[in-house]
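Residues per chain, in single letters:
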Amino acid sequence: MSSSKTSVQPNSNRSAGFWLLAVATIGATAGLCVAAKPYAMAAAQAESRRLTQIGEQAGGAEAQLSFELAHMLSRHNQPAALDLAREQVAAGQYVAALDSLAWAGQGSEAAKLRLIAQLELGHTTAATVSAAQLSATAPTDDNLLLATLADTVTGQAAPAQALADRVSAPEARSRAVAALANPLTLGRELAASGLLNTAERILTRQPVSAPRELLLGDILSRRPTPERLALARRHYEAAIRLNPADPAARQALITTLTALGDTAAANQQMQQLKRL
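As a starting point, this report considers the structure included with it. This structure is a prediction, so every number in the text was calculated from the model and none was measured.

### Here's the deal with the overall build of the chain
Right, on to step 1. A count of helices and strands for the chain gives 16 helices and zero strands.
Right, on to step 2. Across the 276 residues in the chain, those meeting the buried criterion constitute 44%.
Right, on to step 3. Here the contacts in the chain between residues at least 6 apart in sequence split such that 50% fall between residues at least 24 apart.
Right, on to step 4. Accessible surface, the chain as shown: approximately 13900 Å² in total, 57% of it carbon and sulfur.

### Topic: the packing of helix α6 (residues 108-121) against helix α12 (residues 196-204)
Right, on to step 1. Between α6 and α12, the least distance of the axes is 7 Å, while the angle of their chain directions is 35°. The hand of the α6/α12 crossing is left-handed. Residues Leu-119, Glu-120 and Leu-121 of α6 lie in contact with α12, whose contacting residues are Leu-196, Asn-197, Thr-198 and Arg-201.

### Some details on the nonpolar core
Right, on to step 1. Leu-115, Leu-119 and Leu-190 are the most contacted members of the largest nonpolar core, which has 43 residues in total.
Right, on to step 2. Sequence-distant contacts of Leu-190, that is, excluding residues within four places in its chain, are made with Leu-149, Val-153, Leu-195, Thr-198, Ala-199 and Ile-202.
Right, on to step 3. Among the nonpolar cores identified, the runner-up in size contains 14 residues, and Ala-252, Leu-253, Leu-257 and Ala-266 belong to it.

### Some remarks on the environment of Gln-64
Right, on to step 1. On the secondary structure map, Gln-64 appears in helix α3 (residues 60-73).
Right, on to step 2. Residue classification places Gln-64 among the buried positions, given a relative accessible area of 13%.
Right, on to step 3. Between the alpha carbons of Gln-64 and Ala-91 there is a distance of 10.0 Å; along the sequence they are 27 residues apart.
Right, on to step 4. Not counting chain neighbours up to four residues away, the residues in contact with Gln-64 comprise Leu-84, Glu-87, Gln-88 and Gln-93.

### Brief notes about helix α9 (residues 157-166)
Right, on to step 1. Looking only at α9, the buried set comprises Ala-160, Leu-163 and Ala-164. One side of α9 holds all its buried residues, which, seen down the axis, span an arc of 100°.

### What about the pattern of salt bridges?
Right, on to step 1. Taken as a whole, this structure holds nine salt bridges when the rule is applied.
Right, on to step 2. A salt bridge links Asp-165 to Arg-173; the nearest nitrogen and oxygen atoms lie 3.9 Å apart.
Right, on to step 3. Residue class for Arg-173 comes out partly exposed when judged on its relative accessible area of 32%.
Right, on to step 4. Each of Asp-83, Arg-86 and Glu-109 takes part in salt bridges that share partners, so that together they form one network.

### Thoughts on the packing of helix α10 (residues 170-181) against helix α11 (residues 183-192)
Right, on to step 1. The contact between α10 and α11 brings their axes to 6 Å, and the two run at 135°. Comparing the axis directions of α10 and α11 gives the class oblique. Side by side, α10 and α11 meet where Arg-175, Ala-178, Ala-179 and Ala-181 of the first sit next to Thr-185, Leu-186, Glu-189 and Ala-192 of the second.

### Some thoughts on the side chain of Thr-198
Right, on to step 1. Looking at the secondary structure, you find Thr-198 in helix α12.
Right, on to step 2. There is a polar contact of 3.2 Å between the side chain of Thr-198 and the backbone oxygen of Leu-119.
Right, on to step 3. Within polar-contact distance, the side chain of Thr-198 engages the side chain of Glu-120 at 2.5 Å.

### Topic: helix α7 (residues 124-137)
Right, on to step 1. Between its first and last C-alpha, α7 extends 20 Å over 14 residues, near the 20 Å set by a 1.5 Å rise per residue.
Right, on to step 2. Residues Ala-127, Ser-130, Ala-131, Leu-134 and Ser-135 constitute the buried set of α7. One face of α7 carries all of its buried residues, which in axial projection span an arc of 125°. Exposed side of α7, more than 90 degrees from the buried face: Thr-125, Ala-136 and Thr-137 are the residues found there.
Right, on to step 3. At its buried positions, α7 is contacted by α6, α8 (141-153) and α9.

Conventions and cut-offs
- Residues numbered from 1 in each chain as written.
- Predicted model: local features only at pLDDT ≥ 70, side-chain atom pairs only at ≥ 80, totals over all residues.
- Heavy atoms only, no water.
- Helix = DSSP H or I, 4+ residues; strand = E, 2+ residues; numbered from the N terminus.
- Buried < 20%, exposed > 50% of the residue type's maximum accessible area, 1.4 Å probe, protein only.
- Contact = heavy atoms within 4.5 Å.
- Areas by Shrake-Rupley, 256 points an atom, 1.4 Å probe, with all protein chains shown as cover.
- Axes fitted to C-alpha atoms, helices over the stretch in contact; angles between N-to-C directions.
- Left-handed = near helix turned anticlockwise from the far one by under 90°.
- Core = buried A, V, L, I, M, F, W, Y, C linked by side-chain atoms within 4.5 Å.
- Arc of directions from axis to C-beta.
- Salt bridge = Lys/Arg side-chain N within 4 Å of Asp/Glu carboxyl O.
- Parallel < 35°, antiparallel > 145°, perpendicular 65-115°, else oblique.
- Polar contact = N/O pair within 3.5 Å; in protein donor to acceptor, adjacent residues only side chain to side chain.
- Expected span 1.5 Å × (residues − 1).

Next up, the structure:
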């Protein structure tokens, strides 16, 4: 949904050098403020623009650091605020993203990122307002689909249906209609759109079923930590108990067990998968 750069972990030498550059930048700017206060604002703004350009050419943590420094040096640098918010949304830093978006202007990408952050934080009232604004000011199919998802999540059935009717691209329209069908398909479309927190909240309120357990396992596995993978394992095992003939759940369980280092259990599941 949102456009974000591929996260690239910088090597240690490059990262150390960049931190030195960051410290030097802040120090130099502070020195300007003391020695030449009338010119400090212009210098800070110029350095902010330069750091924004560096961040747009970098990736991962280095890009985010560049945007953070640029934003610190000039709150009025809207591109820096928008770039920083984009990185923060991609990293799941939704509270920080909303703070950055307060300085990013009212463009369509800022509106889209704001709606995503509000949904993921569970700010349903604000999300309803943002969905209406986004669909009115930038009614692309992607934005209309996002607004449809938002209105469905927040219980705005009639507006959600009206938005879905405005989607023209067949695939996007099919997804919008699916989101309206029932909570399970809504959870699936939310997850497909990267709204993992929102999908998880919707699905955990639904009755236990094999599709629900499989979806929850998939959502947890997409942001793998040992704790989340352990929870995903339980959901996949529950899905298999409810539908032992489902190869997708068993394959997902094998992948999760392998990631957890439980090779014996993974091999056992592989043998059972072969017998399906």
